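Understanding the architecture of this molecule
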Protein chains: 2
Amino acid sequence: MRESLLLIVLFSVLCVTSAEADEPAPSHGIGYPAGWRNWATLSVSHRTDNHTMRVILGNEVAVKAARSGKTNPWPDGAILGKVVWKEAVLENWKEAVVPGELVHTEFMFKDSQKYAETYGWGWARWLGMEQKPFDGGAQVCTACHAPVEKRDWVFTDPAIFPK
Amino acid sequence: MRESLLLIVLFSVLCVTSAEADEPAPSHGIGYPAGWRNWATLSVSHRTDNHTMRVILGNEVAVKAARSGKTNPWPDGAILGKVVWKEAVLENWKEAVVPGELVHTEFMFKDSQKYAETYGWGWARWLGMEQKPFDGGAQVCTACHAPVEKRDWVFTDPAIFPK
């Protein structure tokens, strides 16, 4: 019995270690957010200035806030994810602009205490298919987000979903 | 003890009944797919011909197939969902096209036996915020999807996600 328990503990430790080893290194000291690929959609966008397509995802806290309209400010614990691709044309419907090559993933982590110095958000970005951590400094992110300072620094209006 | 059990059963029945009562009626005889709002993203698109923005979602079977590249044919049990909005402009970034008013939700249900007569898919659509069932006939859907007959009737190329 005691041996079984030891094996279970050992196996669990190995699994966790293995998962961590596969993950990209932190960006701006922030760890890679687990499981974001299965997060629900908050919105989508097509940026015609830099020719990119985006989906904006949210963790559970963010989705709950978005769907109840409580997003100014967003609650602590909310994480917003933006997956950015170069625009491409759908082969079988030329008038449809769709995702091509992956550019990067970007995340905003809300924690009004921990990230007080960067307006209540932790700012992180991972580049390309390798998800190489970006470490150019949060000011690169906040400079671009300045126009939405009064919207808790978030551009996204959550898309309207039927109830 | 027996009374508690009875209460639990009764409560469960009431919950299920209540959930069903709130759901939209079937479209083309197909029931409204539960929980789609939290499905993971397969792709996004911007149709410049009819000025709509879309997110394409998948249930667990569909997401697994998409991420392992096994989509021609898609496996039985896969459900693809398309949420369609009129295009709008983001107030604080005018070059970003984003979702405006909801147009409808559309779903394809893969079951090669059950839906053999409509190319292996059940085709359903619910209109507007009220999610009013569309019952114009599956041929309305398949006529538009004819250009992708050899892609198992699916336009969407799953977007590339980092592993």
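From a predicted model like this one, the values you see are computed outputs, not experimental measurements. (Residues numbered from 1 in each chain as written. Chains lettered and ligands numbered in written order. Predicted model: local features only at pLDDT ≥ 70, side-chain atom pairs only at ≥ 80, totals over all residues. Heavy atoms only, no water.)

**Examining the overall build of chain A**
- Helix and strand counts for chain A stand at three helices and six strands.
- If you list the helices and strands of chain A from N to C, you get α-β-β-α-β-β-β-β-α.
- When burial is assessed residue by residue, chain A has 47% of its 163 residues classed as buried.
- Look at the contacts in chain A between residues 6 or more apart in sequence, and 51% of them connect residues 24 or more apart. (Helix = DSSP H or I, 4+ residues; strand = E, 2+ residues; numbered from the N terminus. Buried < 20%, exposed > 50% of the residue type's maximum accessible area, 1.4 Å probe, protein only. Contact = heavy atoms within 4.5 Å.)

**As for the relation of the copies chain B and chain A**
- Superposing chain B onto chain A takes a rotation of 180° plus a shift of 0.0 Å along the axis, which leaves an RMSD of 0.0 Å. Interpreted geometrically, this transformation is the action of a two-fold axis. Considering only C-alpha atoms, the part of chain B nearest the rotation axis is B:Ala40, at 2.8 Å. (Least-squares fit on C-alpha atoms with pLDDT ≥ 70 in both.)

**What about the interface of chain B and chain A?**
- Contacts between chain B and chain A engage 45 residues on the former and 45 residues on the latter.
- Summed over both sides, the interface of chain B with chain A buries roughly 3700 Å², with 65% coming from carbon and sulfur.
- For the interface between chain B and chain A, the tally reads zero salt bridges.
- Counting the contacts that link chain B with chain A gives 18 residue pairs in polar contact (both at pLDDT 80 or more).
- Those elements giving two or more residues to the side of chain B that touches chain A turn out to be strand 1 (40–47), strand 2 (52–58), helix 2 (60–67), strand 3 (79–90) and strand 4 (93–110) of chain B.
- Sort the elements by how many residues they give to the side of chain B that touches chain A and strand 4 of chain B lands first, with nine residues.
- Its residues assigned to classes, the side of chain B that touches chain A comprises 26 nonpolar, 10 polar and nine charged.
- Bridging between strand 1 (residues 40–47) of chain A and strand 4 of chain B involves two bridges; their strand directions are antiparallel. Counterpart to A:His46 in the pairing with strand 4 of chain B is B:Val97. (Buried area = accessible area lost by both parts, 1.4 Å probe. Salt bridge = Lys/Arg side-chain N within 4 Å of Asp/Glu carboxyl O. Polar contact = N/O pair within 3.5 Å; in protein donor to acceptor, adjacent residues only side chain to side chain. Nonpolar A, V, L, I, M, F, W, Y, C, P; charged D, E, K, R; others polar. Pairing = 2+ DSSP bridges.)

**Re the pattern of salt bridges**
Residues and elements named next belong to chain B.
- Counting across every chain of the model gives 10 salt bridges over all chains.
- Glu106 is the salt-bridge partner of Arg125, the closest N and O atoms lying 2.8 Å from each other. A residue pair is termed long-range when its members are at least 10 positions apart, and Arg125 in strand 5 (residues 121–127) and Glu106 in strand 4 qualify at 19 residues.
- By relative accessible area, which is 18% here, Arg125 ends up buried.
- Classification of Glu106 as buried rests on a relative accessible area of 18%.
- For Lys110, the salt bridge identified is with Asp152, shortest N-O distance 2.8 Å. A residue pair is termed long-range when its members are at least 10 positions apart, and Lys110 in strand 4 and Asp152 in the segment after helix 3 (138–145) qualify at 42 residues.
- Looking at Asp152, the relative accessible area reads 9%, which means it is buried.

**Focus on helix 3 of chain B**
Residue and element names in this part refer to chain B.
- Taken together, the buried positions of helix 3 are occupied by Ala138, Cys141, Thr142 and His145. Here the buried residues of helix 3 occupy an arc of 90° about the axis, which is enough to place them on one side. Exposed and oriented more than 90 degrees from the buried face of helix 3 are Gln139 and Ala143.
- Residues of helix 3 that are buried make contact with strand 4 and strand 5. (Arc of directions from axis to C-beta.)

Function cannot be inferred from these measures alone, as they are strictly geometric.
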